[in-house]
Amino acid sequence: MTMRESDVNPFLQGNFAPIPSEDDVEDLQVIGEIPRELVGTYFRNGPNPAFEPPGRYHWFDGDGMIHGIRFRDGKASYHNRWVRNRGIEEEFAAGRGLFKGLLELDPGEGMAFKNTANTNIVWHAGKLLALMEAALPTRMEPRTLATLGEWDFDGRLIGPMTAHPKMDPETGEMLFFGYSPFPPYLQYHVAGPDGSLVRSEPIDLEWPTMMHDFAITKDHVVFMLCPIVFSFENMKARGGAFTWEPDRGTKLGVMPRNGGNADVRWFDTDPCYVFHPMNAYDADGTLVLDVARYGRLDFMLPEAARDPKYRDQNSAHMHRWTIDLGSGGVRSTPLDDATAEFPRVDERLVGRRHRFGYAAVRDASVDDGGLPFWSSVRKYDMETGRSETRFFGDVNGVGEPIFVPRSAGAAEDDGWVLALCYDKASNGSDFFVLDARNIAGEPVARVRLPHRVPYGFHGNWAAGV
Ligand SMILES: [Fe+2]
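Quick notes on the rules
Residues numbered from 1 in each chain as written. Predicted model: local features only at pLDDT ≥ 70, side-chain atom pairs only at ≥ 80, totals over all residues. Heavy atoms only, no water. 1 Å grid on protein atoms, 1.4 Å probe; cavity = no way out; pocket = protein on both sides within 12 Å on 5 of 7 lines; lining within 4 Å. Points joined across faces, edges and corners; volume = space filled by probe spheres on them. Helix = DSSP H or I, 4+ residues; strand = E, 2+ residues; numbered from the N terminus. Nonpolar A, V, L, I, M, F, W, Y, C, P; charged D, E, K, R; others polar. Pairing = 2+ DSSP bridges. Salt bridge = Lys/Arg side-chain N within 4 Å of Asp/Glu carboxyl O. Buried < 20%, exposed > 50% of the residue type's maximum accessible area, 1.4 Å probe, protein only. Core = buried A, V, L, I, M, F, W, Y, C linked by side-chain atoms within 4.5 Å. Contact = heavy atoms within 4.5 Å. Phe/Tyr/Trp six-rings, centres within 6.5 Å; stacked < 30°, edge-to-face > 60°. Lys NZ or Arg CZ within 6 Å of the ring centre and 35° of its normal.

Draft legend 1. Here's a closer look at empty space enclosed by the protein. Summed over the entire model, instances satisfying the criterion amount to 3 cavities of 30 Å³ or more. Taken as a whole, the largest cavity holds about 140 Å³ of empty space. In terms of lining residues, the largest cavity is bounded by 20 residues, among which Arg 44, Val 398, Gly 399, Tyr 455 and Gly 456 are the most central. Elements supplying a minimum of two residues to the lining of the largest cavity: strand S3 (40–47) and strand S29 (415–423). Partitioning the lining of the largest cavity into residue classes produces 13 nonpolar, 5 polar and 2 charged. Put simply, the second largest cavity is a space of about 40 Å³. Looking at the lining of the second largest cavity residue by residue, the classes come out as 5 nonpolar, 2 polar and 1 charged.

Draft legend 2. Main features of the sheet that holds strand S32 (residues 459–463). Taken in spatial order, the 5 strands make up an open sheet running S1-S5-S4-S3-S32, and their pairing is antiparallel. Of all the strands in the sheet, just strand S1 (24–25) and S32 have a single pairing partner and so form its edges. Both S3 and S32 contribute to a ladder of 5 bridges, which runs antiparallel. Across the sheet, the residue bridging to Phe 43 is Asn 460, located in S32.

Draft legend 3. Broad picture of the pattern of salt bridges. One pass over the structure, following the stated rule, counts 30 salt bridges. With its nearest N and O atoms 3.7 Å apart, the salt bridge here joins Arg 4 to Asp 7. Among the residues examined, Asp 7 registers a relative accessible area of 35% and is labelled partly exposed. Glu 347 is the partner of Arg 344 in a salt bridge, and the nearest nitrogen-oxygen pair spans 3.1 Å.

Draft legend 4. Structural view of the layout of surface pockets. Taken as a whole, the second largest pocket spans an internal volume of roughly 1,100 Å³. For the lining of the second largest pocket, the secondary structure elements donating two or more residues are strand S6 (120–124), strand S10 (166–167), strand S14 (215–216), strand S20 (273–283), strand S24 (339–344), strand S28 (402–405) and S32. Residues of the lining of the second largest pocket, tallied by class, amount to 31 nonpolar, 9 polar and 10 charged.

Draft legend 5. Representation of the nonpolar core in the model. Within the largest apolar cluster, 62 residues are counted, with the highest numbers of intra-cluster contacts made by Tyr 188, Met 210, Phe 223, Phe 242, Tyr 273, Leu 289 and Leu 297. Residues contacting Leu 289, with those up to four places away along its chain left out, are Ala 215, Val 222, Met 224, Pro 277, Asn 279, Ala 280, His 319, Arg 320 and Trp 321. Core analysis: the second largest hydrophobic core is formed by 24 residues, Phe 71, Val 433, Leu 449 and Val 453 among them.

Draft legend 6. Representation of the packing of aromatic side chains. Following the criterion strictly, the structure yields 29 aromatic pairs and no others. Between Phe 342 and Trp 374 the ring centres are 6.5 Å apart and the planes differ by 75 degrees, which places this aromatic pair in the edge-to-face class. With a gap of 32 residues between them, Phe 342 in strand S24 and Trp 374 in the loop between strand S25 (356–362) and strand S26 (376–381) connect regions that are remote in the sequence. Residue Trp 374 is classed as buried on the basis of its relative accessible area of 7%. Note on Tyr 422 and Tyr 455: the rings are 5.9 Å apart at their centroids and 85 degrees apart in plane angle, and the pair reads as edge-to-face. Note that Tyr 422 is positioned in strand S29 and Tyr 455 in the loop between strand S31 (445–448) and S32, a separation of 33 residues in sequence. No difference in accessibility class separates Tyr 422 from Tyr 455, as the two residues are buried. These aromatic residues form a ring-pair network of at least three members: Phe 11, Phe 16, Trp 59, Phe 60, Tyr 273, Phe 275, Tyr 294, Phe 373, Tyr 422, Tyr 455 and Phe 457. Directly above the aromatic system of Phe 392 lies the positively charged group of Arg 390, at a separation of 5.7 Å from the ring centroid.

Pasting the structure below:
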């Protein structure tokens, strides 16, 4: 009997395994009380392959599924839908998986490509966009979660869009980029507060790379050029489309927001990989950038990344870079020993000085099995260096924590931390509403979801939606 990929791949098992249904459930069971001020929808995206993969599966390959938890009048409802782009519709029509994944990229085979839109879901200028970094955004209908189709900004966006655009809290602009293995390796884009694409600028990079995210400040944009090299050349000899080449070091490209490619200054730091910065800001001639930093990234070798020999380096820790824009030096400061990912700040402070940040972390006592598994939510106080941690249990994985302020003018940590958590004992998922000033205390509300929500990537709060 032939082994199926789901028999051997941990990303198709346990709470990484996909769920088969699309549901709408009103008036969810709540332990505690949903704050009346919490009105809007939490959207979360993540991989949920509709069919058995036809080849080797990487966690990044799965079809995007959007989960929406809507709050109104102290009540909550749940909705989930696949992002139905052309690729998955072809698979539904065929009744089986048709597309090969990242680990089997082969441009020689014509490389049929599927826009899974599985990574993030953002709300900007009245549009809900499901994002994956190798393709155009996909517009979703926020109430029904129906797929409205790929969105190219009225024909103006040429090339893919990162899954991590930044919304400037003052200007209402959406800043983003797209990368490619072919020149131009990087393009920077700005959408105005009305959602129209107003600027596209090619940026010179020393090498093509997988650039997952970036950072902005009030006056600058920061690109992180890490030594993971993306090329379809000599793939056999190089071991895949992405190779780890630490001798190149890591370069931080700082561009004035009112400047362009010619104004980018590159600052050197040690080789590392960063999927996600927490935030960045300008301060007295320096640029401060807090990130979840990996010592190395065996991206095409998930088995090697799980090898105890490399596992620690293949995990991230919170870290601060302070770039001296005068002298050009980069001060590198570890912030925490814990393994951490999915760092976030109060969205009202994106690009501005933050005191608090939140991340999913793994308690040192927890056996992760080499998987991206997070047992706790941690709140960092960058001013005092202290942190507060809520532990969900050593078998219950928690996802990216996001902060929602109590009101538009509320203080930086006056509000709630929202997080999805899997409960292994019941094989179900709960949505936690925590008091941001007491995240380890009794939850404000624990919303029981109608079925488990597979571990995924990113979510965001859309107020009033
Ligand atoms: Fe991400």
